[in-house]
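# Tertiary structure, described
Given next are the chains, with one letter for each unit.
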Amino acid sequence: MRLTKRSLSVVVLAGLVLPLGAQYSSPTRAASTCASRIGLNVSGSSGANQEGDIVRHELDMFMKANPCITTFFRPIPTTYEQKIQTEFASGDEPDVMYVSPPMIYNEGKAGKLLDLNKYLAKDGVKTSAYIPALLKVFQLNGHTYGLPKDWGTLGVFYNKAIFDAKHIAYPSNNLTYDQYRTLAMQLYTPSSNPSKVVYGTMMPEDNGRFMTFLYGFGSTIMDPVTGKIGFNNANAIKALDYYTSFQLTDHSSTIPATVGDGWQGDSFGKGKVAMVLEGGWLTPYLHNTYPKIRFGVAQIPVGPAGRADPVFTNAWGASVNTVKAGTAAAAAKLIEFLTGPVVQKYQTDIGFALPTLPALQSDPYLKTHPEASNLFNSYTSGKLGSFGAYDSITNKALGDAITKVILGKQTAAQAIPAAAKTLQSQITAVP
Amino acid sequence: MDATMQTKQAPVPTFTHRRSLKRALRRNITAYLFLLPFLFLMCTFILGAAVFGLALSLYHVNYGIDTPRFIGLDNFRYLWDQFQNNRDNFEFGIGLKNIVVYAFFVIIGQTVLALSYALLLNQPLKGRSLLRTAIYLPSVTSSVAISLIFVYLYNNGGAINAFLSIFHIHGPDWLNNPNTALPAIMIMNVYTTAPTFMILFLAALQGLPVSLYEAAKVDGASGFDLFRYITLPLLRPTMFLIVAVGTIGAFQTFDQIAVMTQGGPLNATVTPVYSIYDTAFKQYHYGLGASMAAVLFAIILVVTLIQRRFIDTNIQY
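## Points about the pairing of strand β12 (residues 309-318) of chain A
Residues and elements named next belong to chain A. The element β12 is extensively covered by neighbouring structure, given that eight of its 10 residues are classed as buried. Alignment of strand β3 (residues 96-99) against β12, held across four bridges, turns out to be antiparallel. When the sheet's bridge partners are listed, M97 is paired in β12 with G317. Of the pairings in the sheet, the one linking strand β6 (residues 147-152) to β12 comprises five bridges and is antiparallel in character. Within the sheet, the bridge partner assigned to L147 lies in β12 and is W316. Sheet topology note: the β12/strand β13 (residues 382-384) ladder contains three bridges and is parallel. Across the sheet, V311 pairs through a bridge with L384, a residue of β13.

## Notes on the pattern of salt bridges
All names here are of chain A. Per the counting criterion, the structure on display carries 14 salt bridges over all chains. K149 is the salt-bridge partner of D150, the closest N and O atoms lying 2.9 Å from each other. Residue classification places D150 among the buried residues on the basis of a relative accessible area of 11%.

## Focus: the pairing of β3 of chain A
By the bridge criterion, two bridges tie strand β1 (residues 38-43) of chain A to β3 of chain A in an arrangement that is parallel. Each residue of the ladder has a partner; that of S43 of chain A, found in β3 of chain A, is M97 of chain A.

## Brief notes about a nonpolar patch on the surface
Residues and elements named next belong to chain B. A surface patch of nonpolar side chains, amounting to about 470 Å² of accessible area, comprises V101, F104, F105, I108 and V112. By secondary structure assignment, the location of V101 is in helix α4 (residues 91-121). Judged by its relative accessible area of 37%, V101 is partly exposed.

## Remarks on the interface of chain A and chain B
Between chain A and chain B, the contact holds 27 residues from the first and 29 residues from the second. Carbon and sulfur atoms supply 53% of the area that chain A and chain B bury against each other, a total of about 2400 Å² over both sides. If you sort the residues of chain A by the area they bury against chain B, Q82, Q85 and P431 of chain A come out on top, with a joint share of 25%. In this assembly, chain A and chain B are joined by zero salt bridges. Joining chain A to chain B, the criterion identifies four residue pairs in polar contact (both at pLDDT 80 or more). With six residues, the top contributor of residues to the side of chain A that touches chain B is helix α18 (residues 391-406) of chain A. Here the residues of the side of chain A that touches chain B are counted per class, giving nine nonpolar, 10 polar and eight charged.

## Let's talk about the domain arrangement of chain A
Residues and elements named next belong to chain A. What the domain assignment lists for chain A is domain 1 (27-151 + 312-370) and domain 2 (155-311 + 387-428). One C-alpha centre belongs to domain 1, the other to domain 2, and the line joining them spans 32 Å. Across the contact, eight residues belong to domain 1 and 10 residues belong to domain 2. Roughly 900 Å² of surface becomes buried between domain 1 and domain 2 when both sides are summed, with 72% attributable to carbon and sulfur atoms. Ranking the residues of domain 1 by area buried against domain 2 places P102, Y105 and F312 at the top, with a combined share of 62%. Counting across the interface, domain 1 meets domain 2 through zero salt bridges. Linking domain 1 with domain 2 are zero residue pairs in polar contact (both at pLDDT 80 or more), by the criterion used here. Sorting the residues of the side of domain 1 that touches domain 2 by element identifies α4 (101-108) and β12 as the ones contributing at least two each. No other element matches the three residues that α4 contributes to the side of domain 1 that touches domain 2. Looking at the side of domain 1 that touches domain 2, its residues break down into seven nonpolar, one polar and no charged.

Each value, and the rule that gives it
- Residues numbered from 1 in each chain as written.
- Chains lettered and ligands numbered in written order.
- Predicted model: local features only at pLDDT ≥ 70, side-chain atom pairs only at ≥ 80, totals over all residues.
- Heavy atoms only, no water.
- Buried < 20%, exposed > 50% of the residue type's maximum accessible area, 1.4 Å probe, protein only.
- Helix = DSSP H or I, 4+ residues; strand = E, 2+ residues; numbered from the N terminus.
- Pairing = 2+ DSSP bridges.
- Salt bridge = Lys/Arg side-chain N within 4 Å of Asp/Glu carboxyl O.
- Patch = residues over 30% accessible without salt bridge, like charges linked within 9 Å, V, L, I, M, F, W, Y side chains within 5 Å.
- Areas by Shrake-Rupley, 256 points an atom, 1.4 Å probe, with all protein chains shown as cover.
- Contact = heavy atoms within 4.5 Å.
- Buried area = accessible area lost by both parts, 1.4 Å probe.
- Polar contact = N/O pair within 3.5 Å; in protein donor to acceptor, adjacent residues only side chain to side chain.
- Nonpolar A, V, L, I, M, F, W, Y, C, P; charged D, E, K, R; others polar.
- Domains from an automatic or database assignment.

Spelled out as structure tokens, the structure:
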């Protein structure tokens, strides 16, 4: 009986301890030749989801190749930037971590992130191997604080069934803004029954979609380095007029909430809208949630000022404290691996993300998946999709401007200067 | 002589006196020892945090990034300047304006509804226990869960608009229309908070002296008279408590906003606490956020004092 109790205790204890151990990537048994073992804490904004599993797998790949370095994965599933900032404040930040663009102007500017230039040069890693528009996001004053791990941009996702039913040709990669608007009108199917209305497109009240038209009409948005507002001009007013005309003039567009959805990916999956401007992240979502939908992806329309694809990206970077701890070289090695060709090919081949290395343009997956290659090929016209420390306030000011015009509270000519004024007061006046 | 007399009159601590003093001291020490865990937690996480927050409001702080810099009252000057010159776009100012409207309607709504519930459940009804449970249920449900449920109810194609469409009423897009978003959240808040206050009213109703009612009935008072001239006045202390707690709760509204609207559309549902969160944790202006919190504290304090003055709680019966 006593023995049974003891056995039970062992089992219970093991049950408690083993799941804790499972939080970490399992270190590969080190080769006995290691002079010293190095441990690296790694964090990313991923948890118990597909991305978390992918990171764990990539860390295991790294440890197999580098048996003297052990990594411990500590995912931060929500409010990543806020959490990581408190960790920096308490000196408890991870050694290697996801670096978002705003972090370059917070932690990077304050010298809290490791400048990778020296280590990249030593390891023979060329920064020119990365898509320049993406790399630039993580560079400040000549320092490189992160290497882009993957990226996304917008494309026109179209529902083939709706196009076929209307006998309309699928959109090409060279749609003009006028053609896109006409297409949305042709695809719009009104009905007295609200649940049967099919909208041509959706133009949500957020800057994530609107920014492509700001760039497309020739406006800039915000300089993340100087905080100079770039959208208070006539081109931005034209962009806002164009963006809101789908809903106000043509009635060919609406917002997801109007049709009872949280985001336009759901509206698209349910067949309530024929075209949406979304990123590569929509593809796996559609495959998992709406497997029956037949869809294609074209590049976003070309504006009067040319093609402008906002790029959204994150990087792997490291804490500057790794220098003191003597682990900076190992941290850099891990970053180079996680953003290098082996890992990026793996991520591309499983359809997880677009690679940041143009050399992977000829990857078999991209060749056989035109929806992914169309998005990938936009990298040559990539524009800044984030605005450093001014990211959230810029997006909010422009999102509010769209809402004001949609609600008829202001015209585009009034809303754009008002948004610029609001933003300016937030940038300059705060003590 | 006087001195001698005074010396004589001075109490001489006897053995018994000393023993009772010792006992009292021991009793007090025991009491404080029992209170110690609570006092420690209160001093650390409430008083300490409040004092720290107040000190923070005098600094420019961006944790983990810059070294905190003392800037005196600059954060408060900024708030005042924005309130005067940028009122239409100043989120915290808009939040204060919203919360006054919100508090006014929510407090009236929840007090009236709580009293109605309490009066109903104070009657000897059949299935009263079941009814009490049903009414009280929203209060014990997590506010995040309730908020998510209401997001679906308020959805353009949700249950509320579906119900309205039966009567050929085209319901609004509740949470995406600046005119209806705040009222929609108010209704939800009244629905979820009223049952908690109902308990207080119910307890107070059951403690009212029966003799007063009997005397009034003998004098020919009607049911409404009993309610108007006996129940309501005697419930004043409870009402003050409910109004005060309700006001503080309304001024601190955050979770419903964070879950349902994030302050939108067009700042129509932004509240002071949401604005503080936005300033401190999204824009990283911790000092400014702390100064907003200090202003909010002052406002709540003044409002509570005013309420105390107008609702006389000194009832003797």
